[in-house]
Amino acid sequence: MLGPVPPTTCLSPAVHNMVCVLGFEMQDHVEMRSILDQENRVRWRAIWERVSYLSSGVGLDYAESVRQLGPLCDAAHGHFMSLSNENYEETFHDWFQWTNNCEVYLIIGKDCPFLLRDLLASQELAKIFSQSVMNVLRVFLGSPLSLNLRNILWHGFASPHEIPPKYCSMLL
């Protein structure tokens, strides 16, 4: 059952449910070290294991994947928010060099949804994702059946502060 949609949203009830409800249903505690190793590299296995597939074995179960990935997104967001600006920059500076605009992506703080909007709208990222078929990214950015954050933000469907910052943290 879909929850009420705020009157200020341009998201359909199904999209609002996917973005603003499903990722908050599970409250599992996830340790950040289960997601990042000592060198702050992503432990993809911990993430892949949360992606769900349809019972037919063909295709992703996007709703269940968003539910399962929600606690990982919470852990990523909590981790980023716990870092001082200096510690964050020192830890992650090198990871943003590929964007050719590293300084912009080092500003995380309270403007995370706007940072995500800008990151997803960059041509460099579009080129990289068009060459990738990773299922984890498809859950966040792919099909209209997924969170579809790139499309929602690219086309301006989301109201200010409507996209939970935890998704930005997870993508970063």
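Rules and cut-offs
- Residues numbered from 1 in each chain as written.
- Predicted model: local features only at pLDDT ≥ 70, side-chain atom pairs only at ≥ 80, totals over all residues.
- Heavy atoms only, no water.
- Helix = DSSP H or I, 4+ residues; strand = E, 2+ residues; numbered from the N terminus.
- Buried < 20%, exposed > 50% of the residue type's maximum accessible area, 1.4 Å probe, protein only.
- Contact = heavy atoms within 4.5 Å.
- Salt bridge = Lys/Arg side-chain N within 4 Å of Asp/Glu carboxyl O.
- pLDDT = per-residue confidence, 0-100.

Student: Is there a simple way to explain the overall build of the protein in this structure?
Tutor: When helices and strands are tallied, the protein shows 10 helices and zero strands. Taken over 172 residues, the protein has a buried fraction of 41%. For the protein, the proportion of contacts with a sequence separation of at least 24, taken over those separated by at least 6, is 60%.

Student: Which parts of the structure should I look at to understand the pattern of salt bridges?
Tutor: Pairing between side chains of opposite charge can happen when their charged atoms approach one another. Taken as a whole and judged by the stated rule, the model has four salt bridges. A salt bridge links K166 to D74; its shortest N-O distance comes to 3.0 Å. Taken together, the positions of K166 in helix α10 (residues 165-171) and D74 in helix α3 (residues 62-82) put the pair 92 residues apart, joining distant regions of the chain. Take D74: its relative accessible area is 31%, and that puts it in the partly exposed class. Residues joined by salt bridges that share partners form a network here, namely E25, E64 and R67.

Student: Help me understand the confidence of the model for the protein in this model?
Tutor: In low-pLDDT regions, the fine details of the predicted coordinates are not to be read closely. Chain-level pLDDT for the protein is 78 on average; 74% of the residues reach the 70-or-more range. pLDDT under 50 marks residues 129-133. Its contacts with residues more than four places away, or in other chains, come to four contacts.

Student: Where do I start with the environment of P164 in this structure?
Tutor: Within the secondary structure, P164 is located in the loop between α9 (149-154) and α10. Overall, P164 belongs to the buried group, its relative accessible area being 9%. Contacts of P164, omitting those with residues within four sequence positions, involve V19 and F24.

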